Amino acid sequence: MTGGFIRYAPTAGPSRWLLVAGRRFVAAVESTVSDEIVDAVYWLADSDLATIESVVGAFPLAGPDSVRSFAVAELAEPNAAGEVTVTAVVRGSAAIDVFSVGGARRFSAGGVQPWVLAEFRTVTGLVLQGDDAATGPVARLAIGSLPLGIGVADGELLTWTLTPIERAERSAAPAHAETAAEAPDDGSAGPAAEETIIRDRNRSSSLFGRGAGAAADDPEVVPPAVHPAAHELPGAVDIEEPTAAPAPGPASAAPRIPPPPAGPLERDTPSAPLTVVPTDELPITEPVVAPPPRATFAVRLPSGDTIALDAPVLVGRRPTMQRVESGETPRLATVASPTQEVSSTHARIEQSGDAVVVTDLRSTNGTVVTGPAGARRLRPGESVVVLAGARVEIGDGNIIEITARRDEGRE
């Protein structure tokens, strides 16, 4: 099992999410999914061969059993420096709060269909929950949570951390209660401080911003410096942002605790519990190198023709538009089928993020997709995530190849 520690927050009544802890991934999926989907995900959870493609492929994107909301995070093995890379996919109202050495941010679909995929490096913690839930450090969100081994559980949220979380109860007395008692009652203490995990959020944060009149009352406030975001993706928002040092308060204010030294986490003591330093200063996000051009894909038909996947492609013996279409108008690709093994509108192939989704449109003879993990026959209406090099067989010897190309700059 990939290293790390998994906890989940149970709910007293009916839960919104099924939370999955696997050997190579963690996931949250809406609790209304069918038993067949739960069984498939549970089998993948206990498999060392599970990949992000196989987990996402277990969630149908169309048909009566379609899954409207899920979040999946594939956990790579730590590299020589002990750093973990996470590949994440979100759909619908699910979200993942990603914590890394350089900062933290929320990753959600933001209305993009069918889902959004991204990769995060040097990850130290994850929180899987709904996109309408409160954000905050893992240590605070994990209050009252329980450890979870490999399996599936009902709950409110799931956390994964590289090192164990120091357990804290909501009723615990604040660790700096005596110091806080000496400070003047200026309204700076908030619910987070009462939980002894963190103080109130920095007031310059875009997510936890203050009232409109605050800037006029405090002429010393310096606006936060512009800094590059780790992943500029639809639905992603900053959880924490760097900020300028606040103006010194009155002499009677509580003494400041210096922030921990900047730099990568120490790996000599991997079992040391996570602690949250009560300070208003947050680490500055490191500059990010501009990503390479976005990967694009195409399909090569049995005739040798190539069609770019800048719009969905409907393949079949006599393909026609579906009754309800949203987004880009699909292209129609006709293939020969002397024995009529290929249905009229057999399959849909479309690019989503940095991958391709193949969907069987309830064909009569089925669709077989072959990738690095081998051949897989899709159930009627089932979708699967594939990459360049995959082959889609729809009958009568018709094999469609998924190819990759790069967008080139145009004047």
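It should be noted that the structure appears before, not after, this text.
Basis of the calculations
Residues numbered from 1 in each chain as written. Predicted model: local features only at pLDDT ≥ 70, side-chain atom pairs only at ≥ 80, totals over all residues. Heavy atoms only, no water. Phe/Tyr/Trp six-rings, centres within 6.5 Å; stacked < 30°, edge-to-face > 60°. Helix = DSSP H or I, 4+ residues; strand = E, 2+ residues; numbered from the N terminus. Buried < 20%, exposed > 50% of the residue type's maximum accessible area, 1.4 Å probe, protein only. Pairing = 2+ DSSP bridges. Axes fitted to C-alpha atoms, helices over the stretch in contact; angles between N-to-C directions. Core = buried A, V, L, I, M, F, W, Y, C linked by side-chain atoms within 4.5 Å. Contact = heavy atoms within 4.5 Å. Salt bridge = Lys/Arg side-chain N within 4 Å of Asp/Glu carboxyl O.

Trainee: Whenever I open this one, the packing of aromatic side chains confuses me. Can you help?
Mentor: Two measures describe an aromatic ring pair: the distance that separates the ring centres and the angle between the ring planes. Enumeration according to the criterion identifies two aromatic pairs in this entry. Measuring from ring centre to ring centre gives 4.7 Å for Phe59 and Phe70, while their planes differ by 40°; the resulting arrangement is tilted. Taken together, the residues Phe59 in the loop between helix 2 (52-57) and strand 4 (70-75) and Phe70 in strand 4 connect sequence positions eleven residues apart. Per residue, the accessibility class of Phe59 equals that of Phe70, and both read buried.

Trainee: Teacher, can you tell me more about the sheet that holds strand 19 (residues 355-360) here?
Mentor: In sheet architecture, strand pairing relies on hydrogen bonds along the backbone and comes in two forms, parallel and antiparallel. Ordered in space as 17-16-18-19-22, the five strands form an open sheet in which the pairing is mixed. Each having just a single partner strand, strand 17 (331-334) and strand 22 (383-386) make up the two edges of the open sheet. Strand-to-strand twist across the sheet, computed as the mean angle between neighbouring axes with direction ignored, equals 25°. Pairing of strand 16 (residues 313-316) with strand 18 (residues 347-352), which is carried by three bridges, proceeds in the antiparallel orientation. For Leu314, the partnering residue across the bridge sits in strand 18 and is Arg348.

Trainee: Looking at this model, I keep getting lost on the pairing of strand 12 (residues 157-161). Mind explaining?
Mentor: One face of the sheet, then the other: side chains in a regular strand alternate in exactly this way. With respect to burial, strand 12 is a largely interior element, five of its five residues being buried. In strand 12, alternate side chains face the same way, and those of Leu157, Thr159 and Thr161 on one face and Leu158 and Trp160 on the other are all buried. Judged from the five bridges that link them, strand 1 (residues 5-9) and strand 12 form a sheet pairing that is antiparallel. Residue Phe5 lies in a different strand from strand 12, and its bridge partner there is Thr161. Bridging between strand 9 (residues 123-130) and strand 12 involves four bridges; their strand directions are antiparallel.

Trainee: Just checking my understanding: could you explain the nonpolar core for this structure?
Mentor: Nonpolar side chains in soluble globular proteins generally cluster together in the buried interior. With 30 residues, the main nonpolar core has Val26, Ile96, Leu126, Leu128 and Trp160 as its most contacted residues. If near-sequence neighbours (up to four positions away) are discounted, Leu126 is found in contact with Val26, Ala73, Leu75, Val86, Ile96, Asp97, Val98, Phe99, Leu158, Thr159 and Trp160.

Trainee: What is the right way to look at unusual backbone geometry in this model?
Mentor: Excluding glycine, a negative phi dihedral is what most residues carry, and trans is how most peptide bonds are arranged. Positive phi, normally seen in glycine, also occurs at Thr122, with a value near 50°. One non-glycine residue with positive phi stands out, namely Arg362, at about 55°. By the element assignment, Arg362 lies in the loop between strand 19 and strand 20 (367-371). Judged by relative accessible area, which is 48%, Arg362 ranks as partly exposed.

Trainee: So what exactly am I meant to see when it comes to the pattern of salt bridges here?
Mentor: As a working rule, side chains carrying opposite charge can pair if their charged atoms are close by. Using the criterion set out here, one finds eleven salt bridges in the structure. Across the pair Glu36 and Arg379 runs a salt bridge, and its minimum N-O distance is 3.7 Å. In this pair, Glu36 sits in helix 1 (residues 35-45) while Arg379 sits in the loop between strand 21 (374-378) and strand 22, placing the two residues 343 residues apart along the sequence. Since its relative accessible area comes to 34%, Arg379 is described here as partly exposed. The residue Glu350 makes a salt bridge to Arg348 at a minimum N-O spacing of 3.1 Å. Taking the relative accessible area as the measure of exposure, Arg348 reaches 10% and is therefore buried. Salt bridges sharing partners connect three or more residues here, namely Glu36, Arg376, Arg379 and Glu382.

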